[in-house]
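Okay, here's what each chain looks like letter by letter:
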Amino acid sequence: MSLNGTYDPDNIFAKILRGEIPSAAVYEDDHILSFMDAFPQSKGHTLVIPKVPSRNLLDTDPDILARVTAQTQIITRAVHEAFEPDGITITQFNGAPAGQTVFHLHFHIIPRYTDSALGAHAGGQMADFEELTAQAAKIRQKLPE
Ligand code: AMP
């Protein structure tokens, strides 16, 4: 997938936005949805996406990007409070050669724990949905009112 392709309305995050497949939602407003990564690289791995379609950072409206990054900071703080990791990695991939596998802009919030190795990116086993829902609730409790 090149950086300049057209947006595929049937990508997995578009389906989540339309409610066609379930997600363990953390936060939602008119512009943004945040939910747990279904193949988490660590406990509390969370994704933040805009509702407006764009493939990556390059083709995203700057105002939307600003909203997504600001909300990513707020959710990262809540993830920090919820799981007390030793570090937190934020990633965002543009194009398949860079590691992008879902072509709808998203930011990863990946808690890091000194005593536990990071799981593979976009691989491994699908997490238990109930466990993800419980983690999402834990993060939600730490979000500002
Ligand atoms: P990227 O490789 O940066 O495009 O990230 C896509 C992410 O979406 C990966 O971390 C996947 O584990 C995650 N993912 C794939 N399918 C789902 C899904 N149905 N629900 C939640 N996360 C997903």
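As shown above, the structure is provided for reference.
Residues numbered from 1 in each chain as written. Predicted model: local features only at pLDDT ≥ 70, side-chain atom pairs only at ≥ 80, totals over all residues. Heavy atoms only, no water.

Bringing helix 2 (residues 62-83) into the picture now. In this model helix 2 runs 31 Å from its N-terminal to its C-terminal C-alpha over 22 residues, within 8% of the 32 Å that 1.5 Å per residue would give. Of the residues making up helix 2, those classed as buried are Ile 64, Leu 65, Val 68, Gln 71, Thr 72, Ile 75, Thr 76, Ala 78, Val 79, Ala 82 and Phe 83. Tucked inside the fold, the buried residues of helix 2 contact strand 1 (25-28), strand 2 (32-36), strand 3 (46-50), strand 4 (87-91), strand 5 (107-112) and helix 3 (129-141). The opening residue of helix 2, the one whose side-chain oxygen lies 2.8 Å from the backbone nitrogen of Asp 63, is Asp 61. Immediately downstream of helix 2, the backbone of Glu 84 shows phi near 45 degrees, a positive value. (Helix = DSSP H or I, 4+ residues; strand = E, 2+ residues; numbered from the N terminus. Expected span 1.5 Å × (residues − 1). Buried < 20%, exposed > 50% of the residue type's maximum accessible area, 1.4 Å probe, protein only. Contact = heavy atoms within 4.5 Å. Polar contact = N/O pair within 3.5 Å; in protein donor to acceptor, adjacent residues only side chain to side chain.)

Moving on: the side chain of Thr 60. Note on placement: Thr 60 falls in the loop between strand 3 and helix 2. One polar contact links Thr 60 to Ser 54, side chain to side chain, over a distance of 2.7 Å. In this structure the side chain of Thr 60 is engaged in a polar contact, spanning 2.6 Å, whose partner is the backbone oxygen of Asn 56. Not counting chain neighbours up to four residues away, the residues in contact with Thr 60 comprise Ser 54, Leu 65 and Leu 105.

To continue, consider the pattern of salt bridges. One pass over the full model with this rule turns up three salt bridges. A salt bridge links Asp 10 to Arg 18, with the nearest nitrogen and oxygen atoms 3.2 Å apart. Taking the relative accessible area as the measure of exposure, Arg 18 reaches 42% and is therefore partly exposed. Ionic pairing is found between Lys 51 and Glu 28, a salt bridge with its closest N-O pair at 2.6 Å. Here Lys 51, found in the loop between strand 3 and helix 2, pairs with Glu 28, found in strand 1; they are 23 residues apart in sequence, far enough to count as distant. For Lys 51, a relative accessible area of 27% corresponds to the partly exposed category. By relative accessible area, Glu 28 is classed as exposed at 53%. Salt bridges here are not isolated pairs; linked through shared partners, they connect Asp 10, Arg 18 and Glu 20. (Salt bridge = Lys/Arg side-chain N within 4 Å of Asp/Glu carboxyl O.)

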